[in-house]
Amino acid sequence: MAPGLRACLIVGLTPLAALTGSLALAGSIDAQVNQQLPSLVATYKQLHAHPELSHREAETSALLASELRKAGYEVTERVGKYPDGSQAYGVVGLLRNGSGPTLLIRGDMDALPVVEETGLPYASKVRTQNAAGVEVGVMHACGHDVHTSTLIGTARALAQLKGQWHGTLMIIGQPSEETIDGAKAMKADGLYQRFGKPDMAIALHDTFLYAAGTVGVVSGPALAASTSIDVVMRGIGGHGSAPDLGKDPIVMAAQFINQIQTIVSRQEDPRDPTVVTVGSIHGGTKRNIIPNEVKLELTARTYSDKARETLITGIRNAARGIAVAAGVPEDHMPEVTVLEHESTPALINDAALAARVKAALVKTLGAANVMDARPIMGSEDFGVFGEGEKPIPVTMFWLGAMDPQKLAAAKAKGQNLPGMHTSRFEPLPEPTLRAGVTGMTAVAMGLLGK
């Protein structure tokens, strides 16, 4: 028995016409998804085997643009401009269907510099050079292949079901989410001036915490702001046998890494969540040489502006204080640089929109498969699409991507399955895509319904 019918029989208040329409809509979506699913799984595996790093999504964006054109959308490619003037691989597809609101649906396309170790028959074997000229593996370790495939399936289904909704769809294939500058690049290229400003924006993100076929919705704060910070600890190089004749930046860097954790534990309000992580540290060329400098790349996660400023100030003070304590001369003080173009605000799901999204998901997937999710300290740049003088309501929901049996077995042992950004992240394609396309299509039709 369908969840909507069960609720009607229990409560006895839903008009028969509305119930019939709801069941017909669910049947229409199911028929579209069933028809598409084999090709969507094939597309997913193709994307998974051929991932592309941020700023380089040429083939992925071309595939998305081609599929949107086939479905009847007006498509524009290469939308987005980075601070250095280079053009991004953003894709915009418009489908105008009478008067009504404009709904933005976003899917991101880029992959990560990770060597895949899943052992899947369609695992990525791609190797390339990163921006620094270092050879790296490339993997869809965050599931953007799921997102792009779901976006294609949703766009197709909504085009086929035009008789059941009205308004304008704005399908966004976003580049460079992993470097959190893709949404900014698209807006910097006049996204809303060129294509119109949406009335609301939705997206999904897969997760290793939920089984395929289930989803989660957060109302209010959902994802933390991310601030990228570069720190250069500068010293005076010398021979490893005579440290007294130099100033060792490696020792200073080690002290700095430990010191900045006390900003979180002793300077931040414990009720205001904050995380700081050093993800990259490079210094030195040989074991018996004291280098001149050590470079560190940091990410800071916060929800409030106050926490962000406390963290940035604390990082500057810690770097300088350690250098002063080591006797570093004034002209060799550390350099601390906040990379605003690689930073993004917190994602705050609009409460009213989140409620409508959840209601559509419950109606389509069943209440047992829709979770109340919690805020996390991970970050996303989807919220940038909602920023402006007159903010646009935005909501992102979580899409379960794990094999239910494997997930249950891991939980029974008190463990998690390999998650996003790891070399063994392994979504289960068919049920994940089915729930993703079904859920996103139902949400869109609920927001644009007649």
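Every residue gets a number counted from 1 within its own chain, in the order that chain's sequence is written. Only residues with pLDDT of at least 70 are given local features in this predicted model, and only at 80 or more are side-chain atom pairs given and counted; all residues enter the totals for whole chains, interfaces and linings. Calculated side-chain values reflect all of the structure's heavy atoms, with hydrogen atoms and water omitted.

Overview of the side chain of aspartate 108
Here's step 1: Relative to the elements of secondary structure, aspartate 108 occurs in strand E3 (residues 102–108).
Here's step 2: Accessibility here uses a 1.4 Å probe with only protein chains present; expressed as a share of the type maximum, an area under 20% marks a residue as buried, one over 50% as exposed, and anything in between as partly exposed. A relative accessible area of 0% places aspartate 108 in the buried class.
Here's step 3: In this structure aspartate 108 touches His144, His147, Thr148, Gln174, Glu177 and Glu380, once residues within four positions along its chain are discounted. Here a helix means four or more residues in a row that DSSP labels H or I, a strand means two or more in a row labelled E, and each is numbered from the N terminus. It only takes one pair of heavy atoms within 4.5 Å for two residues to be counted as in contact.

Digging into the sheet that holds strand E15 (residues 335–344)
Backbone hydrogen bonds hold the strands of a sheet together, and the pairing may be parallel or antiparallel.
Here's step 1: If you trace the 4 strands from one edge of the open sheet to the other, you get E12-E14-E10-E15, paired in antiparallel fashion. Single-partner strands in this sheet number two, and they are strand E12 (274–283) and E15. Between one strand and the next, the sheet's axes are offset by a mean angle of 20 degrees, whatever the strand orientation.
Here's step 2: By definition, two strands form a pair when at least two bridges between them are found by DSSP. Relative to E15, strand E10 (residues 225–234) is paired through 6 bridges, and the arrangement is antiparallel. By the bridge assignment, isoleucine 229 is partnered in E15 with valine 338.
Here's step 3: Fitted lines through C-alpha atoms serve as axes, helices being fitted only where they are in contact, and the angles separating the N-to-C directions of these axes extend from 0 to 180 degrees. Together, E10, E12 and strand E14 (293–302) form the strand contacts of helix H7 (residues 249–259), whose direction differs from that of E14 by roughly 10 degrees.
Here's step 4: The strands touched by helix H9 (residues 305–325) are E10, E12, E14 and E15; relative to E15, the strand with the most contacts, the crossing angle is about 155 degrees.

Structural notes on the packing of helix H10 (residues 351–365) against helix H12 (residues 429–448)
Here's step 1: Close contact between H10 and H12 brings their axes to 9 Å; oriented N to C, the two are set at 125 degrees. Here H12 runs oblique to H10, going by the angle between their axes. Considering how the two elements wind past one another, H10 and H12 form a crossing that is right-handed. In this structure, H10 contributes Leu353, Arg356, Val357, Ala360, Leu361, Thr364 and Leu365 to the contact, and H12 contributes Ala435, Thr438, Gly439, Ala442, Val443, Gly446 and Leu447.
Here's step 2: Each residue gets one of three labels, nonpolar for Ala, Val, Leu, Ile, Met, Phe, Trp, Tyr, Cys and Pro, charged for Asp, Glu, Lys and Arg, and polar for the others, Gly among them. Partitioned by chemical class, the residues of the contact of H10 with H12 number 9 nonpolar, 4 polar and 1 charged. Any angle that falls under 35 degrees is termed roughly parallel, while one over 145 is termed roughly antiparallel, one within 65 to 115 roughly perpendicular, and all others oblique. By definition, turning the near helix anticlockwise from the far helix through less than a right angle yields a left-handed crossing, and turning it clockwise yields a right-handed one.

Here's the deal with the confidence of the model for the chain
Here's step 1: Residue-level pLDDT values for the chain average 94, and 94% of them are 70 or greater.
Here's step 2: Confidence drops under pLDDT 50 across residues 1–14; counting only partners more than four residues distant or on other chains, this segment forms 12 contacts.
Here's step 3: Counting interchain partners and residues more than four positions distant, the pLDDT-below-50 stretch residues 16–20 has 4 contacts. The score called pLDDT rates the predictor's confidence residue by residue, from a low of 0 to a high of 100.

Focus: the nonpolar core
Here's step 1: Put simply, a nonpolar core is a bunch of buried Ala, Val, Leu, Ile, Met, Phe, Trp, Tyr and Cys residues held in one set by side-chain atoms that sit within 4.5 Å of each other. Judged by nonpolar contacts, the single largest core of 55 residues is most densely connected at Tyr73, Leu103, Ile105, Leu169, Ile202, Leu361 and Phe397.
Here's step 2: Looking at which element gives the most residues to this core, the answer is H12, with 10 residues.
Here's step 3: Look past the residues within four positions of leucine 169 in its chain and what remains in contact with it is Tyr73, Gly93, Leu94, Leu95, Leu103, Ile105, Leu158 and Leu448.
Here's step 4: In terms of nonpolar packing, the next biggest core, distinct from the first, is built from 26 residues, Val79, Val218, Ala222 and Ile392 among them.

Regarding the packing of aromatic side chains
Here's step 1: Only Phe, Tyr and Trp rings are paired, with Trp represented by its six-membered ring, and only when their centres lie within 6.5 Å; those with planes under 30 degrees apart are stacked, over 60 edge-to-face, the remainder tilted. Summed over the entire model, instances satisfying the criterion amount to 2 aromatic pairs.
Here's step 2: Judged by centre distance (6.0 Å) and plane angle (75 degrees), the ring pair of tyrosine 44 and tyrosine 122 falls under edge-to-face. Of this pair, tyrosine 44 sits in helix H2 (residues 16–49) while tyrosine 122 sits in the loop between E3 and strand E4 (127–129), placing them 78 residues apart in sequence.
Here's step 3: Ring plane angle 50 degrees and centroid distance 6.3 Å describe the contact between phenylalanine 382 and phenylalanine 385, whose orientation is recorded as tilted. Residues phenylalanine 382 and phenylalanine 385 agree in their burial class; the two are buried.

A short note on unusual backbone geometry
Here's step 1: Phi is positive for arginine 78, which is not a glycine, with a value near 55 degrees.
Here's step 2: Structurally, the position occupied by arginine 78 is in strand E1 (residues 74–81).
Here's step 3: According to the relative accessible area criterion, arginine 78 is partly exposed, its value standing at 37%.
Here's step 4: One non-glycine residue with positive phi stands out, namely histidine 421, at about 70 degrees.
Here's step 5: Topologically, histidine 421 is positioned in the loop between helix H11 (404–412) and H12.
Here's step 6: With relative accessibility at 44%, the residue histidine 421 sits in the partly exposed group.

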